Amino acid sequence: MNAFTVRLRFHGDLPFFLGSNAGDTVIERPLAEKTSIKDVIESCGVPHPEVDLILVDEQTVGFDHTLARDAKVEVFPVENRDTDRTEKRLQAIDISRFVADGHLGALTRNLRLLGFDVVYRQNADDRQLLEVMARENRALLTRDRRLLMHAIVEHGYCPRSQNADEQTIEVVRRFNLLGLIAPFTRCVRCNAPLEEAAKADIIDKLEPLTKIYYNQFRRCPGCKQIYWPGSHFPKLQKRIEEIRSRVQGKA
């Protein structure tokens, strides 16, 4: 078949994957054979879990669409759901269970602090991450774009920022988690849901001043870590409220 050219315009923050911060970015791809739109997009460096809407010559298509002639392609991220094209949305947004790669420990702690279920093993390899993701139907959080491009990945996100608090805001926005925030309900160390603990049952494990000044406790049934609203509590509450405000665009 004759060679043809596909002209792709990437919208929103997708140019992040192209090494560009200058708004919408256009890339031209010369092709010599029929190719799926998914493969063409990923050849530009954009992982498929980051793509929510594709228009080929102004028609919405899915990842299995095949390109065989000259075409103009518009590629949108999840954030652009204000467009009136809704029939071919490619990503789920209401996901609240995750698996994070070994470089996202601080993000993992933040999300667990907010009450979200995040599997994290610092030394897990790619195969282990993908197995947990698929077996437990979790979204994959990673800054490794090649890992996100694995065909097995249905839901995932690459944090743009390297700052943990900024990453947290990104994830809460991307997966529509604001209304599901439940602070101090999950162990930040091992991810298990916390249980109420009677002071009498744990008093032998408390420091002398803690025994005197605090009466409300929670305990992790997994690692047995004990939590209480100590002197650090107001600072954590302030961080959580700042995250809420940023997600809502109030700060």
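Whatever comes next refers back to the structure up there.
Residues numbered from 1 in each chain as written. Predicted model: local features only at pLDDT ≥ 70, side-chain atom pairs only at ≥ 80, totals over all residues. Heavy atoms only, no water.

(A) Structural view of the packing of helix H5 (residues 164-174) against helix H8 (residues 233-247). Here H5 crosses H8 at 50°, and the two axes come no closer than 10 Å. Classed by the angle they form, the pair H5 and H8 counts as oblique. Taken as a pair, H5 and H8 cross one another with a handedness that is right-handed. Counted together, Asp165, Glu166, Thr168, Ile169, Val172 and Arg173 of H5 and Arg239, Ile243, Arg246 and Val247 of H8 form the full contact between these two elements. (Axes fitted to C-alpha atoms, helices over the stretch in contact; angles between N-to-C directions. Helix = DSSP H or I, 4+ residues; strand = E, 2+ residues; numbered from the N terminus. Parallel < 35°, antiparallel > 145°, perpendicular 65-115°, else oblique. Left-handed = near helix turned anticlockwise from the far one by under 90°. Contact = heavy atoms within 4.5 Å.)

(B) The arrangement of the nonpolar core in detail. If you look at the biggest cluster of nonpolar residues, it comprises 34 residues, and the most contacted ones within it are Leu8, Phe10, Ile41, Ile54 and Leu140. The set of elements that each furnish at least two residues to this core consists of strand E1 (4-10), strand E2 (25-31), helix H1 (37-43), strand E4 (53-56), strand E7 (71-76), helix H3 (126-135) and helix H4 (145-148). Ignoring sequence-local partners within four residues, the contact set of Leu8 consists of Thr25, Val26, Ile27, Arg29, Val40, Ile41, Cys44, Val73 and Val75. Ranked by size, the runner-up nonpolar core spans 22 residues in total, among them Phe98, Leu113, Phe116 and Tyr157. (Core = buried A, V, L, I, M, F, W, Y, C linked by side-chain atoms within 4.5 Å. Buried < 20%, exposed > 50% of the residue type's maximum accessible area, 1.4 Å probe, protein only.)

(C) Highlighting the pairing of E7. Relative to E7, E1 is paired through 5 bridges, and the arrangement is parallel. Counterpart to Leu8 in the pairing with E7 is Val73. Pairing geometry for E4 and E7, over 4 bridges, is antiparallel. Looking at the pairing, Leu53 lines up with Phe76 of E7. (Pairing = 2+ DSSP bridges.)

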